[in-house]
Amino acid sequence: MRDWRRVGVAVDFSPCSRKALKWAVDNLICDGDHLVLVTVRRELWETTGSPLIPVSELTDPHIMKKYEVNHDPETLDIISTAARQKQVNSDLEMDFIRDQRDKLCESIDKIPLDCIVNGNRGLGMLKRAIMGSVSNFVVNNATCPVAVVKNHD
């Protein structure tokens, strides 16, 4: 049995997902764990499949442009701090999607993850009923433990 966990964090590089990532690093990640950032993109990898990119490569502007990932210094800082302080290995899992909710749940088994952390945009009941809630879907359908980090300031 391994003595580390593979912890996933759903990221879209928004303030809400940065808060979820920071929470995971501060409260969940232990020394030696493997941190996997799971992001879903509508326009990428339909025919070639999903890349698993070492986060260290995301500091290279050419790599960022190739994968069409926006440079997000705050997210990269959270990850590099975790790597230094807790000896955490980090990768970015990118997936082509048709439905973000389903892909997050599929990633849990595909990677595989021991748990996943998801942000919550804090939609009201009406918006949640119309648009649906990704975090609610993941909580009800994931095959591993799920932590939802609420986004109130």
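Just so it is clear, the model here is predicted, and its values are computed rather than measured.

Peer 1: Please set out the packing of helix H4 (residues 100–110) against helix H6 (residues 134–141) residue by residue, giving values where relevant.
Peer 2: Relative orientation of the contacting elements H4 and H6 amounts to 35°, with a least axis distance of 9 Å. Here H4 and H6 pass one another in a crossing that is right-handed. Seen from H4, the contacting residues are Gln 100, Arg 101, Asp 102, Leu 104 and Cys 105; seen from H6, they are Val 134, Phe 137, Val 138 and Asn 141. Partitioned by chemical class, the residues of the contact of H4 with H6 number five nonpolar, two polar and two charged.

Peer 1: Now, about the nonpolar core: what can you tell me, with residues and values included?
Peer 2: Ranked by size, the top nonpolar core spans 27 residues in total, and within it Val 9, Leu 21, Leu 35, Leu 37, Leu 92 and Val 117 carry the most contacts. Counting only elements with at least two residues in this core, the list comes to strand E1 (6–10), helix H1 (15–27), strand E2 (34–41), helix H2 (61–66), helix H3 (73–86) and strand E5 (115–120). The contact partners of Leu 37, leaving out residues within four places of it in the chain, are Val 9, Val 11, Leu 21, Val 55, Ile 79, Asp 91, Leu 92 and Glu 93.

Peer 1: Kindly report on the pairing of E1, identifying the contributing residues and their values.
Peer 2: Counting buried residues along E1, five of its five residues qualify, which places the element largely inside the surrounding structure. Residues Arg 6, Gly 8 and Ala 10 of E1 are buried on one face, and the alternating residues Val 7 and Val 9, pointing to the opposite face, are buried as well. Of the pairings in the sheet, the one linking E1 to E5 comprises three bridges and is parallel in character. Across the sheet, the residue bridging to Val 9 is Val 117, located in E5.

Peer 1: Which residues make up the side chain of Thr 75, and what values go with them?
Peer 2: Positionally, Thr 75 belongs in helix H3. Not counting chain neighbours up to four residues away, the residues in contact with Thr 75 comprise Phe 13, Arg 18 and Leu 21.

What counts, and at which threshold
- Residues numbered from 1 in each chain as written.
- Predicted model: local features only at pLDDT ≥ 70, side-chain atom pairs only at ≥ 80, totals over all residues.
- Heavy atoms only, no water.
- Axes fitted to C-alpha atoms, helices over the stretch in contact; angles between N-to-C directions.
- Helix = DSSP H or I, 4+ residues; strand = E, 2+ residues; numbered from the N terminus.
- Left-handed = near helix turned anticlockwise from the far one by under 90°.
- Contact = heavy atoms within 4.5 Å.
- Nonpolar A, V, L, I, M, F, W, Y, C, P; charged D, E, K, R; others polar.
- Core = buried A, V, L, I, M, F, W, Y, C linked by side-chain atoms within 4.5 Å.
- Buried < 20%, exposed > 50% of the residue type's maximum accessible area, 1.4 Å probe, protein only.
- Pairing = 2+ DSSP bridges.

Keep in mind these values describe shape, not function.
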